[in-house]
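Secondary and tertiary structure notes
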Amino acid sequence: MPALGSWDPHLTVTVVVPTHGADHTLPFTLASLELQTYPEHLLDVVVVDDGSSPALSLPSWRPRRTRLVRTSRSWGRAHACAVGAAVAEGSVIHWLDADMLLHRDQVEAQMRWHHVSDQAVVLGHKRFVDTAEGLPDFGPTLEAVKAGEAEGLFVDRWTGPHEWVERFLADSEELTDKPVKCYLVHTGACASVPADLYRASGGMDRELKLGEDIELGYRLAQRGALFVPDTQARSWHLGQSTAMRRQDEVNRYNRPFLTDRLPDQRHWRTRGRSYSVPWVQAVVEVGDASFEQVRHTVNALMAADFDDLEILLVAPWSCLDDERRSPLHCPRQALQLVAAEVAGESRVRCVETIADSAFPAPFRLLLPPGWGPGRATVASLARVMNRDFLGLAVVPLPDGQLVRLERTASFERARRARTGPRDQDPLDALVELVSGTRSCPELGETFRPVDADGAGEDYELTTAGRLRSAVLRRQQAGDDASPAPAAGSTESTQRIEGALDHLRRAPRWIAGQARRAVAARRDPPPS
């Protein structure tokens, strides 16, 4: 990384400053921007007036290429940032709040990283000034800013850095030890992002009134962003943030909005609920599989210990129509039955194609029809991947097919690296380079194939589960090897009770069904 003042930049940057009624601090922000060491012809500023009353006007001391735009229809910082980003012309977008006072080389420090990587999201270093001590009027301080003295203005009056952020950075060794959660310290008041990466992530969520920085950071992470904290990108924050002054209220307000959008925060999510962004996107290529095979896989996924998922069934569904045909001899019967089976399940979607990645879901599971994962299998795979921040885990199945769990962020990062001499490299090989991959053959035996008769009703993947299936089939159809014993016979009861002994360690509901079967044999209903 080049030292400040010793390199030749060429990338353009647009500084977006959202503001609402900050007429007393905005002049300081713009004055400190006018004095930046980053080349003037590569820097422009967009000030977004988010409904100030009276409307803001630009102070005379400001960067030469500064323009003012006003929001309409909606309101809030996220909306104002989105409005500013929509008109930004720079190859990098640098967010600033309207109560920031920058050191002269702040923008230059940020931009060094963007010249090195087009995936860098740079997090600046800000210190908070207590505005209770004679601020916000500042007296002659604005003249000192214009004289280039901003760096030393508040050295004896600052209250400290953003404590939670600093603690997270220290605990994670500057984000190198917690790559999965690094987006949590994405604070827009002093962050910068490549414009194309920002747009690929979907931009600011305009519906959010708080927490928009973390939510955008999450989507940037899923698009392969590399978060880089830089303590040399320094600034003063003129006053404490709302989150610092009213932390409990802010957390309470943010939680339902972020819980719905951030599947990584699994401790916030309620079992049995569905959310807008699932933790896992499961993909099943239907192909020429039978209805029973597809149903078996879908039901196994739905019966897993986690239910924070969506299931995509990929097939040419548009071929289904109401043309007259024999229902029992239709060549598309399997697709018709599958479509009918999942019609009422909101977590299953029938699609003809899928996107390159599961974005914004953090994981994509690809598995063949006819195989069902155990209740804890997918969660176990994800734990293995999160422990070492792997990009791909592969599970070989007994029949030679493969199950894949892909990390969205790793595959997105690999795609962005697929340029120049690497544009022909297999994607898995690039994922191995950026995150690492692993084969997990020990989990292959936790996947169960559909039964030979197509039943596939049990997903416990245990001896008890298979015994239960055998017992219930015996009850209903009799033993193929010998005549079925009469209802209530001692032989039949003893056989089922023997199987019940093997079910003692099975889940309670399984054992309950077996007990009811025994009771029915002992006390058959009156004829």
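Residues numbered from 1 in each chain as written. Predicted model: local features only at pLDDT ≥ 70, side-chain atom pairs only at ≥ 80, totals over all residues. Heavy atoms only, no water.

It is worth spelling out empty space enclosed by the protein at this point. The final tally for this structure, using the stated rule, is two cavities of 30 Å³ or more. In terms of lining, the second largest cavity is formed by Ser-32, Leu-35, Gln-36, Leu-102, His-103, Arg-104, Val-145, Gly-148 and Ala-150. Looking at the lining of the second largest cavity residue by residue, the classes come out as four nonpolar, four polar and one charged. (1 Å grid on protein atoms, 1.4 Å probe; cavity = no way out; pocket = protein on both sides within 12 Å on 5 of 7 lines; lining within 4 Å. Points joined across faces, edges and corners; volume = space filled by probe spheres on them. Nonpolar A, V, L, I, M, F, W, Y, C, P; charged D, E, K, R; others polar.)

For the rest of this paragraph, the subject is the packing of helix α13 (residues 408-416) against helix α14 (residues 427-434). Viewed as axis vectors pointing N to C, α13 and α14 meet at an angle of 110 degrees, and their least axial separation amounts to 9 Å. In terms of axis orientation, α13 runs roughly perpendicular to α14. Counting all contacts with α13, which are made through Ser-410, Phe-411, Arg-413, Ala-414 and Arg-415, the residues of α14 involved are Leu-427, Asp-428, Leu-430, Val-431 and Val-434. A per-class count over the contact of α13 with α14 returns six nonpolar, one polar and three charged. (Axes fitted to C-alpha atoms, helices over the stretch in contact; angles between N-to-C directions. Helix = DSSP H or I, 4+ residues; strand = E, 2+ residues; numbered from the N terminus. Parallel < 35°, antiparallel > 145°, perpendicular 65-115°, else oblique. Contact = heavy atoms within 4.5 Å.)

The next subject is the packing of aromatic side chains. Counting across every chain of the model gives six aromatic pairs. Judged by centre distance (5.5 Å) and plane angle (85 degrees), the rings of Trp-279 and Phe-306 are edge-to-face. In this pair, Trp-279 is assigned in the loop between α9 (247-261) and β10 (280-285) and Phe-306 in the loop between α10 (291-302) and β11 (309-314), connecting sequence segments 27 residues apart. Accessibility expressed as a relative area gives 5% for Trp-279, which makes it buried. (Phe/Tyr/Trp six-rings, centres within 6.5 Å; stacked < 30°, edge-to-face > 60°. Buried < 20%, exposed > 50% of the residue type's maximum accessible area, 1.4 Å probe, protein only.)

Moving on, we get to the nonpolar core. Counting 39 residues, the largest nonpolar core has Val-280, Ile-311, Leu-313 and Leu-365 as its most contacted members. Elements with a contribution of two residues or more to this core: β10, α10, β11, α11 (333-341), β13 (363-366), α12 (377-388), β15 (392-396) and β16 (402-407). In terms of residue count, α12 provides more of this core than any other element does, five residues in total. Filtering out sequence-adjacent residues up to four positions away, Ile-311 remains in contact with Ala-282, Val-298, Leu-301, Met-302, Arg-347, Val-348 and Arg-349. (Core = buried A, V, L, I, M, F, W, Y, C linked by side-chain atoms within 4.5 Å.)

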